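Structural overview
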Amino acid sequence: MKIVTKITKLQLNHPFKISRREKDTYREVISIEIDGGVGEAAPAKFYGETVQSVATAIKSISSLLDRDLDQIQDVMTEIEQTLEGNYAAKSAIDMALHDRLGKKLGVPLYKLCGLNPTKTPDTSFTIGLDEPSVMVEKVLQAEQYPILKIKIGTPRDIEILQTLRDATDKPIYVDANTAWTPNEAVQKIRELANYGVELIEQPTKPDDLVGLKYVRENSELPIIADESVKRACDIPALVGSVDGINIKLVKCGGLLEALRMIHVARAHGLLVMIGCMIESSLGITAAAHLTPLVDYADLDGNLLISNDPYSGVTLDNGKLVLPNLPGIGVLTK
Ligand code: MG
């Protein structure tokens, strides 16, 4: 099966920073096309992938696509058995196959999954780490978004939250991106709770589940795992250590695995967030189709860039509005 790939540099509206990395001005994504279906991968170096590794991985399994592509479960199982890791690459393929099938059957992806499009949540809008005054500026520019997600994980975290809280009364999610020790996390979360913070994402190191449990037991805010959870098989070990999980398509390997994660998380009584990387409207819209099933959506990667090649999901006062077109439903701009 011929797979067409294309690498795109997404230009960021603002230089973007989180606790563990330097500021970026652009991110690279790779889009693919399989028999009329389109998909995208926004690989993260943190998970060991780049656009080049995605391109190589996709090429290496292209012969597995010489078969009935309607049977997405079988195709993805075979790919999983053949290719280790490379979940961003797998996600792009899974996305393209769902887009292809939706287009072939003439139904939007949410309908293919049996979901109610009116049940989408509001998405949060991310404010990257910066000087508090610059972060306030970004908060003021984010006027149209009803929920903010603030990236912190610095010695100035409390000062940042104090300053931002003076500038807005919106609900705030906080993402520490693994920056704190368990003790530090408990102390900071106690203070952050005073500033109307609604949840804390990944306070501590990904593998320190004992530390996460300690934080959870000593914090009044819900703790959501992100870097600690990639796939459904990671979820049972997290039960008791966190209140919920953040699912990302590029982290887990696509829509099928994301659905599996939602069901496994629910079976364990966990909250579910769907998040994203900095992606175009292609990757964001694919993820948005699953949001009728989740508690929180953090799908703003396409809002942070200035050269989005696609249009797809839109917002109505912050609420995700799914396109009513076959497949993922994105159009090239
Ligand atoms: Mg996160």
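1. With respect to the pattern of salt bridges
Evaluated as defined, the whole model comprises 24 salt bridges. Sharing partners across several salt bridges, the network here consists of Lys-149, Lys-151, Asp-175, Glu-201 and Asp-298.

2. Thoughts on the pairing of strand β6 (residues 172–175)
A two-sided burial pattern is seen for β6, the buried positions comprising Ile-172 and Val-174 on one face and Tyr-173 and Asp-175 on the other. With 4 bridges joining them, strand β5 (residues 147–151) and β6 adopt parallel strand pairing. What sits directly across from Lys-149, in β6, is Tyr-173. Once the chain exits β5 it traverses helix α6 (residues 157–167) before rejoining the sheet at β6, and the crossover so formed is right-handed. Direction of pairing for β6 relative to strand β7 (residues 197–201): parallel, over a ladder of 4 bridges. Within β7, the position partnered with Asp-175 by the bridge is Glu-201.

3. Thoughts on empty space enclosed by the protein
Where empty space is left can be seen by rolling a probe of water-molecule size over the atoms. For the coordinates displayed, the defined rule picks out 1 cavity of 30 Å³ or more. Of the voids in this model, the largest cavity is the one considered here, and its volume is about 40 Å³. Lining the largest cavity, in full, are Pro-43, Ala-44, Tyr-47, Glu-49, Ala-88, Val-250, Lys-251 and Met-277. Across the lining of the largest cavity, the residue classes break down as 6 nonpolar, no polar and 2 charged.

4. Description of the packing of aromatic side chains
For the structure shown, the criterion picks out 3 aromatic pairs. Taking the centre distance of 5.0 Å and the plane angle of 85 degrees together, the rings of Phe-46 and Tyr-47 count as edge-to-face. By relative accessible area, which is 38% here, Phe-46 ends up partly exposed. Between Tyr-173 and Tyr-296, the ring centres sit 5.5 Å apart and the planes meet at 75 degrees, which makes this aromatic pair edge-to-face. Placement of Tyr-173 in strand β6 and of Tyr-296 in strand β11 (residues 296–297) is noted, with a sequence separation of 123 residues between them. Among the residues examined, Tyr-296 registers a relative accessible area of 15% and is labelled buried.

Reading guide: rules and limits
- Residues numbered from 1 in each chain as written.
- Predicted model: local features only at pLDDT ≥ 70, side-chain atom pairs only at ≥ 80, totals over all residues.
- Heavy atoms only, no water.
- Salt bridge = Lys/Arg side-chain N within 4 Å of Asp/Glu carboxyl O.
- Buried < 20%, exposed > 50% of the residue type's maximum accessible area, 1.4 Å probe, protein only.
- Helix = DSSP H or I, 4+ residues; strand = E, 2+ residues; numbered from the N terminus.
- Pairing = 2+ DSSP bridges.
- Right-handed = clockwise from strand over helix to strand, strands pointing away.
- 1 Å grid on protein atoms, 1.4 Å probe; cavity = no way out; pocket = protein on both sides within 12 Å on 5 of 7 lines; lining within 4 Å.
- Points joined across faces, edges and corners; volume = space filled by probe spheres on them.
- Nonpolar A, V, L, I, M, F, W, Y, C, P; charged D, E, K, R; others polar.
- Phe/Tyr/Trp six-rings, centres within 6.5 Å; stacked < 30°, edge-to-face > 60°.

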